[in-house]
Amino acid sequence: MYKTLIKEYINKLKKEDIIKYIEKNNFQVSDKEIDTIYFYIKNYWEDIFDNNKEIWDKISHDVSPQTFMIIQSLYQKYKKFIG
């Protein structure tokens, strides 16, 4: 059930939504990293949802260590609500 809801949300997600979330929470993320985050969410959300190690390794190589820590922290925070 959660996957269906998440899929619907992801399909409607825009890069501007990510930018607004980042700004609202005062995260320091580069424009390139925003593009990267958006790419992974849109294309690999199921792997992220399933906590696939390979996708996390790819993400860790494509963003700064600080941004990766933020992403992982948010994953852990919101995973509690859906898992």
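Enquirer: Got a sec to walk through the overall build of the protein? Specific residues and values, please.
Expert: Per the secondary structure count, the protein includes five helices and zero strands. In the protein, the order of α-helices and β-strands from amino to carboxyl end is α-α-α-α-α. Here the protein holds 83 residues, and 25% of them are scored as buried. Where the 14 positive side-chain charges of the protein centre and where its 13 negative ones centre are 5 Å apart.

Enquirer: Any details on the nonpolar core? Residues and values, ideally.
Expert: Counting residues in hydrophobic clusters, the biggest one holds 15 residues, and the most contacted among them are Ile18, Ile48, Ile55, Trp56, Ile59 and Ile71. Those elements that place two or more of their residues in this core are helix 2 (15-24), helix 3 (31-49), helix 4 (53-62) and helix 5 (65-82). If you tally residues by element for this core, the top one is helix 3, at four residues. Discounting residues that sit within four places of it in the chain, isoleucine 18 has contacts with Leu13, Ile34, Ile37, Tyr38 and Ile41.

Enquirer: How would you summarise the pattern of salt bridges if you had to cite specific residues and measurements?
Expert: For the structure shown, the criterion picks out three salt bridges. Taking the shortest distance from any N to any O, the salt bridge between aspartate 57 and lysine 53 comes out at 3.2 Å. With aspartate 57 and lysine 53 both in helix 4 and four residues apart, this pair spans about one turn of that helix.

Enquirer: Account for the packing of aromatic side chains, with residues named and values stated.
Expert: What the rule picks out here adds up to seven aromatic pairs. Ring plane angle 40° and centroid distance 6.2 Å describe the contact between tyrosine 78 and phenylalanine 81, whose orientation is recorded as tilted. Placement of the pair is tyrosine 78 and phenylalanine 81 together in helix 5, with a separation of three residues, close to one helical turn. Following the ring pairs from residue to residue traces out a cluster consisting of Phe39, Tyr40 and Tyr44.

Criteria and cut-off values
- Residues numbered from 1 in each chain as written.
- Predicted model: local features only at pLDDT ≥ 70, side-chain atom pairs only at ≥ 80, totals over all residues.
- Heavy atoms only, no water.
- Helix = DSSP H or I, 4+ residues; strand = E, 2+ residues; numbered from the N terminus.
- Buried < 20%, exposed > 50% of the residue type's maximum accessible area, 1.4 Å probe, protein only.
- Lys, Arg positive; Asp, Glu negative; His and termini not counted.
- Charge placed at Lys NZ, Arg CZ, Asp CG, Glu CD.
- Core = buried A, V, L, I, M, F, W, Y, C linked by side-chain atoms within 4.5 Å.
- Contact = heavy atoms within 4.5 Å.
- Salt bridge = Lys/Arg side-chain N within 4 Å of Asp/Glu carboxyl O.
- Phe/Tyr/Trp six-rings, centres within 6.5 Å; stacked < 30°, edge-to-face > 60°.

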